[in-house]
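Letter by letter, the chains look like this.
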Amino acid sequence: MNTSVKTRNMVLTAAIAAIIVLMAFVPYVGYINLVVIKATLIHVPVIIGSVILGPKKGAVLGFVFGLTSLINNTFNPSLLSFAFSPFYSGGNLWSIVICFLPRILVGVVPYFIYRGIMKLGKEKKATEYVALPLAGVVGALVNTLLVMNLIYFCFASQFAAAKEIAVSAVYQAIMVIIVANGVPEAIVAAILTLAVGKVLLHFKG
């Protein structure tokens, strides 16, 4: 990789990281407080960064995503902020895992989905219309499914207390959130990853 490509990739990584931070701290842009939990669109630039820049830089962008989540849930909490911040009442070290691990993987997994599908296709341009939205969908689902299932395994009793439901009903409530938040987030991720990803892939050359 020559110096100009390295410089361009560093600039693009910094630009996407800046977009993540901007989205995170502009109200109702990156995090939408739904009282129970915060819906998010911040996974989208992480997914796009993963596809365009590769898994290492994607992981860095995922870490930035996780860091904004930690800060946001500490200082602008929702009902389930204990699951994302050990500094919020009820949180613990598992909050760090939930806050960072899924988000870092959002920056890693889409790259391999995209590359895997591209290798299967014969026509590059046509295959991108499948590979990019699928990378977006998988990236969004990695975030939603990992976060919500980790909340179930690590914070089931706290979740039940916060929602005022029985512990036996927790996973049903988790599934409602997965469908209500995860499906729209995946659809948006598919559309934006295709639209923005094609432009940036052309720019990257």
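First things first, this report covers the structure right here in the doc. The structure displayed is predicted, hence computed values, not measured ones. (Residues numbered from 1 in each chain as written. Predicted model: local features only at pLDDT ≥ 70, side-chain atom pairs only at ≥ 80, totals over all residues. Heavy atoms only, no water.)

### Comments concerning the packing of helix H2 (residues 43–53) against helix H6 (residues 124–163)
Here H2 crosses H6 at 130°, and the two axes come no closer than 10 Å. Considering their axes alone, H2 and H6 lie oblique with respect to each other. H2 and H6 meet at a crossing whose hand is right-handed. Contacts between H2 and H6 involve His 43, Ile 47 and Val 51 on the former and, on the latter, Leu 132, Ala 135, Gly 136, Gly 139 and Ala 140. (Axes fitted to C-alpha atoms, helices over the stretch in contact; angles between N-to-C directions. Helix = DSSP H or I, 4+ residues; strand = E, 2+ residues; numbered from the N terminus. Parallel < 35°, antiparallel > 145°, perpendicular 65-115°, else oblique. Left-handed = near helix turned anticlockwise from the far one by under 90°. Contact = heavy atoms within 4.5 Å.)

### With respect to a nonpolar patch on the surface
Together, Tyr 171, Met 175, Val 179, Val 183, Ile 187, Ile 191, Leu 192 and Val 196 line one region of the surface with nonpolar side chains, adding up to about 650 Å² of accessible area. With respect to the element layout, Val 196 can be found in helix H7 (residues 170–204). In this structure Val 196 comes out as partly exposed when scored by relative accessible area, which is 33%. (Patch = residues over 30% accessible without salt bridge, like charges linked within 9 Å, V, L, I, M, F, W, Y side chains within 5 Å. Areas by Shrake-Rupley, 256 points an atom, 1.4 Å probe, with all protein chains shown as cover. Salt bridge = Lys/Arg side-chain N within 4 Å of Asp/Glu carboxyl O. Buried < 20%, exposed > 50% of the residue type's maximum accessible area, 1.4 Å probe, protein only.)

### Structural notes on the nonpolar core
One finds Ile 20, Ile 42, Ile 52, Leu 61 and Tyr 114 to be the most contacted residues of the largest nonpolar core, which totals 31 residues. Breaking this core down by element, the ones donating at least two residues are helix H1 (3–25), H2, helix H3 (55–75), helix H5 (109–120), H6 and H7. Here the element with the most residues in this core is H2; it accounts for seven residues. If we skip the residues at most four places from it in the chain, Ile 20 touches Ile 42, Pro 45, Val 46, Leu 61, Val 64, Phe 65 and Thr 68. Grouped together as the second largest cluster of nonpolar side chains are 22 residues, Phe 100, Leu 150, Ile 151 and Phe 159 included. (Core = buried A, V, L, I, M, F, W, Y, C linked by side-chain atoms within 4.5 Å.)

### Some details on the packing of H3 against helix H4 (residues 93–106)
Across the interface, H3 lies against H4 with an axial gap of 7 Å and an inter-helix angle of 150°. Judged on the interaxial angle alone, H4 and H3 are roughly antiparallel. Regarding H3 and H4, the two cross each other, and that crossing is right-handed. Residues Ala 59, Gly 62, Phe 63, Phe 65, Gly 66, Leu 67, Ser 69 and Leu 70 of H3 touch H4, and the partners they reach there are Ile 96, Cys 99, Phe 100, Arg 103 and Ile 104.

### Re the environment of Val 60
Along the chain, Val 60 turns up in helix H3. Classification of Val 60 as partly exposed rests on a relative accessible area of 48%. Along the backbone, Val 60 and Cys 99 are 39 residues apart, and their C-alpha atoms lie at a distance of 14 Å.

### Notes on the pattern of salt bridges
Should the charged atoms of two oppositely charged side chains come close, the side chains can pair. Taken as a whole and assessed by the stated rule, the structure comprises one salt bridge. The partner of Lys 198 in a salt bridge is Glu 128, with the nearest N and O atoms 2.8 Å apart. Residue Lys 198 is found in helix H7, and its partner Glu 128 is found in helix H6; the two are separated by 70 residues along the sequence. Owing to a relative accessible area of 8%, Glu 128 belongs among the buried residues under this scheme.

### Comments concerning the packing of aromatic side chains
By the definition in use, this model includes five aromatic pairs. Ring geometry for Tyr 111 against Phe 112: centres 5.1 Å apart, planes inclined by 85°, an arrangement best described as edge-to-face. On the basis of an interplanar angle of 70° and a centroid distance of 5.2 Å, the ring pair of Tyr 152 and Phe 153 is categorised as edge-to-face. For Tyr 152, a relative accessible area of 28% translates into the label partly exposed. Overall, the relative accessible area of 65% leaves Phe 153 in the exposed class. (Phe/Tyr/Trp six-rings, centres within 6.5 Å; stacked < 30°, edge-to-face > 60°.)

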